[in-house]
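# Architecture and fold: a report
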Protein chains: 2
Amino acid sequence: MKENSEVTIYDIAKKLNLATSTISRGLKDHHTISKKTIEMIKKTAAEMGYRPNNLAASLRGNKMRTIGVLLPTVTQPFLSSLISGIEIAAQKAGYTVIIMQSHDSYEEEVNLTQSLYDNRVSGVICSLAMGTKDTSHFNVFIENNTPLVFVDRVPQSFETFHVIIDNFSAGYKATKHLIDQGCKRIAHITAGSEFSIYHERKKGYLAALEEHNIPFDENLCVKINSVTYDDAAKASEKLLSLKSRPDGIFAPGDILGVSAIQCAKRMGIKVPEELAVIGFNNDPISYIIDPNLSTITHPASKMGQTSAEIILKNLKQSRKKDQIVKQITFLNTEVLVRESSKRI
Amino acid sequence: MKENSEVTIYDIAKKLNLATSTISRGLKDHHTISKKTIEMIKKTAAEMGYRPNNLAASLRGNKMRTIGVLLPTVTQPFLSSLISGIEIAAQKAGYTVIIMQSHDSYEEEVNLTQSLYDNRVSGVICSLAMGTKDTSHFNVFIENNTPLVFVDRVPQSFETFHVIIDNFSAGYKATKHLIDQGCKRIAHITAGSEFSIYHERKKGYLAALEEHNIPFDENLCVKINSVTYDDAAKASEKLLSLKSRPDGIFAPGDILGVSAIQCAKRMGIKVPEELAVIGFNNDPISYIIDPNLSTITHPASKMGQTSAEIILKNLKQSRKKDQIVKQITFLNTEVLVRESSKRI
DNA sequence: TTATAATTTGCAACCGGTTGTGTAAAAAGA
DNA sequence: TCTTTTTACACAACCGGTTGCAAATTATAA
């Protein structure tokens, strides 16, 4: 019946006998409009049930007040916390968040990047798909002066914003913790390419070993193809079946750590007495497993907030000669000692 | 330098000496444009690096090709799976998904509802905040003919689409399972208002008891204020400290179930021999806890997909006299028997 | 060859705000 | 009282596609 119930600033203008420009400016407290007029405009707008049309408002600037977020998936605890952080910061600034999942596929990532651009988002936050090597599909944002933040899984070289943790240092800290607990034969599970976060963590692991004069034993380092429960179980079993069994495991992911504990329990190996385990991320499962899994805290929500804030801060700085073209922000991680590694 | 690198259909039109309307139509294979022209338009567009501007395209229809999703939070496993499902269905149809978190606050929900409207989304999927009683803030979507789907936590009476599970039946099944395992004194933890999913689950619990001639003992039913780890721990402790202790617990959430198992372990009560436990949702923690928690499967991703499909299907049916004004879709749940309740 | 129909393409208004520029009115200064 | 500023508001172009309708071109029929 009433159907086209949409109230526009034209309707308000007509009713008040003012120009639409006056309405537009009055609605946003422009200084050239008198207080009295502003008040009247706002009152009338409210009475008429006027609601701004972001779509139309964004057309001129050719940008929606929207942050595009492109992630491998949204169901991992770490990534959903990341989203939560982004969303909180965006909401505070009156921005909306649009989410897309690459499902760790390079092809999907390329498509979605385009889709994000087609939607004229104000900024983009991305954690790369596992298989992504070439990142030229992100060039369009750079050319277009759209702020772009890579978070957690970042490209090796790309002149833009990165928000990450120091994976090397975290790997070092985790390994050192095990050494401090008296472990002599520390195993490690790794994954991904030589540019991945896992590789950095492994480098930290190696550095800690070396610093404490513990020789690196190749047999104690297993590489898995995917960070899944099944692959983790196989890796754990392989490690714990060695003749000279490890007395500690640095698992660069909580699923891996949990799986190691479960495997040990199945094999009758006592955790932490015979095997100390430390994970990574502080996922919910880490404090459900018995014994609780020591882990490395990963500031997911904070990373999200930081990323969003970087986007928001760099919105207006368009085409300035002295703008920041590259910035790497490191967030803190900590060793969270729980039962699975507490030996002393 | 090059800055305004944006290629529009005007640029293409100029280059090809055609009208913009021809370009617009050619780009979308309109039947009134010859094959040859279409081909040439597309080729030129690609060469010039043209990218459609969804913003401008949406202005006329006054709707973005976007589905708005309003949830209490995105970090619960169930809800992130829901998002994943929505996103998959939306992506398939070329729609984007915008996410907002009410953080279980009624006030935030009201604001975000407006924000969703201001963004002129094509449809809305919502799971209500805990405290929401009045749902009149959703009326704008109905009046505006914007498809609206409530999922999981739905209002008592609202003439629109609902996608839910049969909580009564699920509660019944869970309880019956415990009865079948030989439990005689089955405890229950409940939460929320008398219209919440938890209340339905409790009704199912009561029905199962009655059907099997097991008298309902008030002491065996504890109500908690929030479905959190801490509240759950207190409730479990209270139940397991009773003189006449329960021999089974139906926990309408996996956190509750996990907490019950942990409490039992602390108190030296054997699960499942002395206490059978069944949870709800099939969250990851349910198969990490030892013994594994039996649970009720909750088709989160499928619910998301279904909700999105309902939105998409109802986009065009505007103002038809015979349109669907209310539809409740029930998805299936199943008892997933694991160690925590397996006694026979 | 001419009339009629079918196929192509172009014109221009439109979607709903935003904003540069121009001008009248009110306030301040001479 | 007259000029100079300020203040307050209006006009109209603009953002980039979309689409109804008319016009032009080509194909088919008579």
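Residues numbered from 1 in each chain as written. Chains lettered and ligands numbered in written order. Predicted model: local features only at pLDDT ≥ 70, side-chain atom pairs only at ≥ 80, totals over all residues. Heavy atoms only, no water.

Per an unreviewed UniProt entry, chain A is named LacI family DNA-binding transcriptional regulator, and its organism is Aestuariibaculum suncheonense.

Residues A:Ile67, A:Ile125 and B:Ile125 are the most contacted members of the largest nonpolar core, which totals 145 residues. Counting 34 residues, the second-largest nonpolar core is a separate cluster that includes A:Met100, A:Val124, A:Leu148 and B:Phe138. (Core = buried A, V, L, I, M, F, W, Y, C linked by side-chain atoms within 4.5 Å. Buried < 20%, exposed > 50% of the residue type's maximum accessible area, 1.4 Å probe, protein only.)

We now examine the packing of helix α4 (residues 54-61) of chain A against helix α4 (residues 54-61) of chain B. Close contact between α4(A) and α4(B) brings their axes to 9 Å; oriented N to C, the two are set at 140°. The handedness of the crossing between α4(A) and α4(B) comes out as left-handed. Every residue of α4(B) that contacts α4(A) at A:Leu55, A:Ala56, A:Ser58 and A:Leu59 is listed here: B:Leu55, B:Ala56, B:Ser58 and B:Leu59. Grouping the constituent residues of the contact of α4(A) with α4(B) by class yields 6 nonpolar, 2 polar and no charged. (Axes fitted to C-alpha atoms, helices over the stretch in contact; angles between N-to-C directions. Helix = DSSP H or I, 4+ residues; strand = E, 2+ residues; numbered from the N terminus. Left-handed = near helix turned anticlockwise from the far one by under 90°. Contact = heavy atoms within 4.5 Å. Nonpolar A, V, L, I, M, F, W, Y, C, P; charged D, E, K, R; others polar.)

This brings us to the packing of helix α1 (residues 9-16) of chain B against helix α3 (residues 35-48) of chain B. Residue and element names in this part refer to chain B. Running from N to C, α1 and α3 cross one another at 120°; their axes reach a closest spacing of 10 Å. When the axes of α1 and α3 are compared, the pair comes out oblique. Handedness of the α1/α3 crossing: right-handed. Facing α1, whose interface residues are Asp11, Ile12, Lys15 and Leu16, α3 presents Met40, Ile41, Thr44, Ala45 and Met48. Here the contact of α1 with α3 is composed, by residue class, of 6 nonpolar, 1 polar and 2 charged. (Parallel < 35°, antiparallel > 145°, perpendicular 65-115°, else oblique.)

Turning next to the protein's contact with DNA strand C. Around DNA strand C sit 26 residues, and of these A:Tyr10, A:Ser21, A:Ser24, B:Thr22 and B:Arg60 come closest. Near the protein, within 4 Å, the atoms of DNA strand C are sugar or phosphate in 53% of cases. In the model, a base oxygen of DNA strand C is placed 3.0 Å from a nitrogen or oxygen of the B:Arg25 side chain. Every element with two or more residues in the surface near DNA strand C is listed here: α1 (9-16), α2 (20-27) and α4 of chain A together with α2 (20-27) and α4 of chain B. With 4 residues, the single largest contributor to the surface near DNA strand C is α4(A). (Near = heavy atom within 4 Å. Polar contact = N/O pair within 3.5 Å; in protein donor to acceptor, adjacent residues only side chain to side chain.)

Domain boundaries assigned for chain A yield domain 1 (9-52), domain 2 (62-166 + 301-330) and domain 3 (167-298 + 335-341). Computed from C-alpha atoms alone, the centre-to-centre distance between domain 1 of chain A and domain 3 of chain A is 63 Å. (Domains from an automatic or database assignment.)

The subject of this paragraph is the protein's contact with DNA strand D. Around DNA strand D, a shell composed of 26 residues is seen, among which A:Ala19, A:Thr22, A:Thr37, B:Tyr10 and B:Ser24 lie nearest. Considering the 4 Å shell around the protein, atoms of DNA strand D inside it are sugar or phosphate in 52% of instances. One nitrogen or oxygen atom from the side chain of A:Arg60 is found 2.9 Å from a base oxygen belonging to DNA strand D. Taking B:Tyr10, its side chain carries an N or O atom lying 2.7 Å from a base nitrogen of DNA strand D. Those elements that provide at least two residues to the surface near DNA strand D are α2 and α4 of chain A together with α1, α2 and α4 of chain B. Considering each element in turn, the surface near DNA strand D owes the most residues, 4 residues, to α4(B). Residues belonging to the surface near DNA strand D are distributed by class as follows: 10 nonpolar, 11 polar and 5 charged.

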